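The lines below spell out each chain.
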Amino acid sequence: MDIAPSVAIHDSIPHHPLSVDTALSFPVMSHRVIDVCKKLFRKWEKLDDSRFSVETVSGGITNLLLKVSVKEGNGDNVAVTVRLYGPNTEYVIDRKRELQAIKYLSAAGFGAKLLGVFGNGMVQSFINARTLNPADMKKPKLAAEIAKQLRRFHHVEIPGSKEPQLWVDIFKFFEKASSLRFEAPDMQRRYETISFKEVHEEVTQLKELTDRLNAPVVFSHNDLLSGNLMLDDEHDNLYFIDFEYGSYSYRGYDIGNHFNEYAGYECDYSLYPSKDEQFHFFRHYLKPEKPYEVPEKDLKALYIETHVHVSFALVLGFMGPNSGKDVCHRF
Ligand SMILES: Nc1ncnc2c1ncn2[C@@H]1O[C@H](COP(=O)(O)OP(=O)(O)OP(=O)(O)O)[C@@H](O)[C@H]1O
């Protein structure tokens, strides 16, 4: 797709300061979105609005994702996604870090291409593929492919600090989660049954345990759930998407968090991968070309590394932005 930047930023991705209020009615918001697209992409500037159509792809926990289809002057039909950041999400998502990561991950072939950035969102290429469901992730062929791609993802180098962000994120969320107040008395009462002192002690103990592991630190996806995996069945292409929680972190944490996601939105932990399923994943993660040559001791070591970190995935899920989903195993 040949899109000329109107206002170039240092890395030549078109950029415009305009924002779109997500509280607007859908028709008004659609017009604003079309306006943003025209301002970002010069070749669409003079097209009549009737050539654009806007539809909702998903109203996720953190963003509103729209599909914008455009009938171009030469008759070509193209589609992009427009992501509008949800209000206050900047408290939990570091947008600068996200944009930086997208640039390098996209260059390494991961996710949708970044096409433009505006005041409160971004435009990316539309991926023609289906979103996986938790049961798909269990299928041996797909699990092997996810493991192989995750290995590649973990090898992408993103400039900046390589310090694991897990502690920074956990303590940041801890501060926020432990100082909430609910207006509804029953919610406040339930909230007060949580012993944040105990959670703090648990996290501190786990941190000490992890330090002893000397686990590799890699650029982690940190949110590898089925909704962030898309499969183009026709071309057999698997896509990782949604890098908003991506950061340097422990390799075992990323794998453990992915295993937790087998339980799905309903938190059905009977779906958690068995030891054999985990070893299958590890084989393809450690040696994609010769998975059956991975020594047993390496499988066991990664099993331990992953399991120490699984607890963090649960703690972070409990306090973090996805807490609504992950917290249910606790209540
Ligand atoms: N570039 C894309 N092309 C086509 N579909 C997409 C694209 N990006 C996301 N989707 C679809 O939209 C869904 C939601 O995307 P995404 O997870 O990025 O949104 P989100 O707002 O961050 O969601 P949440 O906050 O719940 O994690 C995906 O599961 C996928 O079905």
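Treat the numbers as computed from the prediction; the structure is a model and nothing was measured.

A. Expanded view of the environment of valine 168. Positionally, valine 168 belongs in helix H5 (residues 166-177). For the pair formed by valine 168 and isoleucine 13, sequence separation is 155 residues and the distance between their alpha carbons is 30 Å.

B. The arrangement of the pairing of strand S10 (residues 237-240) in detail. Of the two faces of S10, the one holding Leu238 and Phe240 is buried and the one holding Asn237 and Tyr239 is not buried anywhere. Here 4 bridges tie strand S9 (residues 229-232) to S10, and the two strands are oriented antiparallel to one another. Considered in S10, the bridge of leucine 229 is made with phenylalanine 240. Turn length for the S9-S10 hairpin, with the two strands adjacent in sequence and antiparallel, is 4 residues, and the turn residue aspartate 236 shows positive phi of about 55°.

C. Focus on the sheet that holds S9. Taking strand neighbours across the sheet as the criterion, the 3 strands line up as S7-S9-S10 in an open arrangement whose pairing is antiparallel. The open sheet has two edge strands with one neighbour each: strand S7 (130-131) and S10. Across the face of the sheet, helix H4 (residues 140-154) comes into contact with S9 and S10 while running at roughly 50° to S10.

D. Structural detail: the sheet that holds strand S3 (residues 63-71). In space, the 6 strands of this open sheet follow the order S1-S5-S6-S4-S3-S2, with mixed pairing throughout. Two strands close off the open sheet at either side, each with one partner strand: strand S1 (15-16) and strand S2 (52-59). Bridge count for S3 against strand S4 (residues 77-85) is 9 bridges, and the pairing is antiparallel. When the sheet's bridge partners are listed, valine 68 is paired in S4 with valine 80. Against the sheet, helix H1 (residues 26-40) makes contact with S1, S2, S3, S4, strand S5 (114-118) and strand S6 (121-125), and its axis sits at roughly 110° relative to S2, the strand it touches most.

E. Focus on the site of the ligand. Of all residues adjacent to the ligand, which total 20 residues, the nearest are Thr62, Arg83, Ile127, Thr131 and Gly227. For the ligand, a nitrogen atom lies 2.8 Å from a polar atom in the backbone of isoleucine 127. The separation between an oxygen atom of the ligand and a polar side-chain atom of threonine 131 is 2.5 Å. Those elements that place two or more of their residues in the shell around the ligand are S2, S3 and S4. Here the residues of the shell around the ligand are counted per class, giving 8 nonpolar, 9 polar and 3 charged. Looking at the shell around the ligand, you find at least three residues from each of domain 1 (19-126) and domain 2 (131-318).

F. Layout of the packing of H4 against helix H8 (residues 251-260). Between H4 and H8, the shortest axis-to-axis distance is 12 Å and the interhelical angle comes to 150°. By the criterion of interaxial angle, the relationship of H4 to H8 is roughly antiparallel. In this structure, H4 crosses over H8, and the sense of that crossing is right-handed. Facing H4, whose interface residues are Ile146, Leu150 and His154, H8 presents Arg251, Asp254, Ile255 and His258. Here the residues of the contact of H4 with H8 are counted per class, giving 3 nonpolar, 2 polar and 2 charged.

Quick notes on the rules
Residues numbered from 1 in each chain as written. Predicted model: local features only at pLDDT ≥ 70, side-chain atom pairs only at ≥ 80, totals over all residues. Heavy atoms only, no water. Helix = DSSP H or I, 4+ residues; strand = E, 2+ residues; numbered from the N terminus. Buried < 20%, exposed > 50% of the residue type's maximum accessible area, 1.4 Å probe, protein only. Pairing = 2+ DSSP bridges. Contact = heavy atoms within 4.5 Å. Axes fitted to C-alpha atoms, helices over the stretch in contact; angles between N-to-C directions. Near = heavy atom within 4 Å. Polar contact = N/O pair within 3.5 Å; in protein donor to acceptor, adjacent residues only side chain to side chain. Nonpolar A, V, L, I, M, F, W, Y, C, P; charged D, E, K, R; others polar. Domains from an automatic or database assignment. Parallel < 35°, antiparallel > 145°, perpendicular 65-115°, else oblique. Left-handed = near helix turned anticlockwise from the far one by under 90°.

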